[in-house]
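Overview (structure and organization)
The primary structure of each chain is shown beneath.
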Amino acid sequence: MDRLAVAVVIAVLCAAGMASTPAAVAAPAKPQKAERLPAEAVAAAKAVSGLRAAQGLPPVKADATLTRAADEQAAAMAAATTMSHTIAGDLGSRMRKAGSAAPAAAENVAMGQRDLAEVMASWTASSGHLSNMLMKQVTRLGLARRKGADGRLYWAMVLAAPEPVPVADGSADGFRWGAPFLVIR
């Protein structure tokens, strides 16, 4: 793909609120101390890593930043008692708000499953959700669930590539950027 085509794709994604230009994304803040991850997020990372191992892919780790982004989505869905990918804003905005500048990300949402095993079974049975969990670029995930006033559980999983690594390459922002993308299923 030539540079003009890449620029057009990035411009369209930016206009749709699904990506940002590299200069508009601040480097993620360094946590002051290690954040404790919910046991369910750690268990989800183990389950997804098992799926990935069966396909010859590397494991993922639970991530506090992505868990914050997932929790914002799960909380908004539970408050509205509806399943939606955009109820708390688009995925890119939520990730930036949580402190992530990941160049690639995906999100799975669900409603009504009673526990982690049930939601993982649902996502695994869906080709789109499964492909999110098996994306080659993914190295980490966040998971959250919230209970709505209707008594249902609302789930959100955010999966992402590693954060950009600062390099001394002479660029204006000190990061080397690839073409950003977000997948939502």
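Structure: see above.
Here the residue numbering is sequential within each chain, running from 1 through the sequence in written order. Totals for whole chains, interfaces and linings use all residues, but because this is a predicted model, local features are given only for residues with pLDDT of at least 70 and pairs of side-chain atoms are given and counted only at 80 or more. Excluding hydrogens and water, the side-chain values take into account all heavy atoms of the structure.

1. Here we look at the overall build of the protein chain
Selection criterion: Counting from the N terminus, the helices are the DSSP runs of H or I reaching at least four residues and the strands are the DSSP runs of E reaching at least two. To sort residues, take the accessible area from a 1.4 Å probe on protein chains only and compare it with the maximum for the residue type: under 20% means buried, over 50% means exposed, and anything in between is partly exposed. Any two residues whose heavy atoms approach within 4.5 Å are treated as being in contact. Under the convention used here, a 1.4 Å probe and the Shrake-Rupley method define accessible areas, while residue burial counts only the protein chains that appear.
Helix and strand counts for the protein chain stand at six helices and five strands. For the protein chain, the succession of helices and strands along the chain, N to C, is α-α-β-α-α-β-α-α-β-β-β. Every one of the 185 residues in the protein chain was classed for burial, and the buried ones make up 40%. Within the protein chain, contacts between residues at least 6 apart in sequence are counted, and of these 68% link residues at least 24 apart. Of the roughly 9,600 Å² of accessible surface on the protein chain, 59% is carried by carbon and sulfur atoms.

2. Thoughts on the environment of G112
With respect to the element layout, G112 can be found in the loop between β2 (104-111) and α5 (116-125). For G112, a relative accessible area of 35% puts it in the partly exposed group. Taking the C-alpha atoms as reference, G112 lies 9.3 Å from K147; in sequence the two are 35 residues apart.

3. So, the packing of helix α3 (residues 64-80) against helix α4 (residues 91-98)
Where we set the bar: Between N-to-C directions, angles cover 0 to 180 degrees, with each direction set by a line fitted to C-alpha atoms, over the stretch in contact for helices. Working definition: roughly parallel below 35 degrees, roughly antiparallel above 145 degrees, roughly perpendicular at 65 to 115 degrees, and oblique for all remaining angles. It is the rotation of the near helix from the far one that decides the hand of a crossing: anticlockwise by less than a right angle makes it left-handed, clockwise makes it right-handed. Each residue is assigned to one of three groups, with Ala, Val, Leu, Ile, Met, Phe, Trp, Tyr, Cys and Pro labelled nonpolar, Asp, Glu, Lys and Arg labelled charged, and all others, Gly among them, labelled polar.
It is at 8 Å that the axes of α3 and α4 come closest, and there the two elements cross at 130°. By the criterion of interaxial angle, the relationship of α3 to α4 is oblique. Relative to α4, α3 is oriented so that their crossing is right-handed. Between α3 and α4, the contacting residues are T65, L66, R68, A69, E72 and Q73 on the first element and R94, M95, K97 and A98 on the second. Looking at the contact of α3 with α4 residue by residue, the class counts come to four nonpolar, two polar and four charged.

4. Considering the nonpolar core
Threshold: Nonpolar cores are built from buried Ala, Val, Leu, Ile, Met, Phe, Trp, Tyr and Cys residues. Side-chain atoms within 4.5 Å join them into one set.
Membership of the largest hydrophobic core comes to 21 residues, with the highest contact counts inside it found for W123, L141, L143, W155 and M157. Taken together, the elements giving at least two residues each to this core come down to α2 (39-54), β2, α5, β3 (140-147) and β4 (153-160). Ranked by size, the runner-up nonpolar core spans 17 residues in total, among them A70, L91, A105 and A156.

5. Remarks on unusual backbone geometry
Even without being glycine, T81 reaches a positive phi, approximately 45°. Tracing the sequence through the fold places T81 in the loop between α3 and α4. The partly exposed category is assigned to T81, whose relative accessible area is 32%.

6. Description of the pairing of β3
Formally: At least two bridges found by DSSP between two strands is the condition for calling them paired.
Pairing of strand β1 (residues 61-62) with β3 involves two bridges; the strand directions are parallel. Residue pairing across strands places A62 opposite L141, the latter belonging to β3. Of the pairings in the sheet, the one linking β3 to β4 comprises eight bridges and is antiparallel in character. Its bridge partner being in β4, L143 is matched across the sheet by M157. The hairpin turn running from β3 into β4, its antiparallel successor, is five residues long, and G151 in that turn takes a positive phi close to 85°.

7. Thoughts on the pattern of salt bridges
The test is simple: Take a side-chain nitrogen of Lys or Arg and a carboxyl oxygen of Asp or Glu: if they are within 4 Å of each other, that pair is a salt bridge.
What the rule picks out here adds up to eight salt bridges. Across the pair E40 and R145 runs a salt bridge whose closest N-O atoms are separated by 2.6 Å. One end of the pair, E40, is in helix α2; the other, R145, is in strand β3, and 105 residues separate them in sequence. Across the pair E72 and K97 runs a salt bridge whose closest N-O atoms are separated by 3.3 Å.

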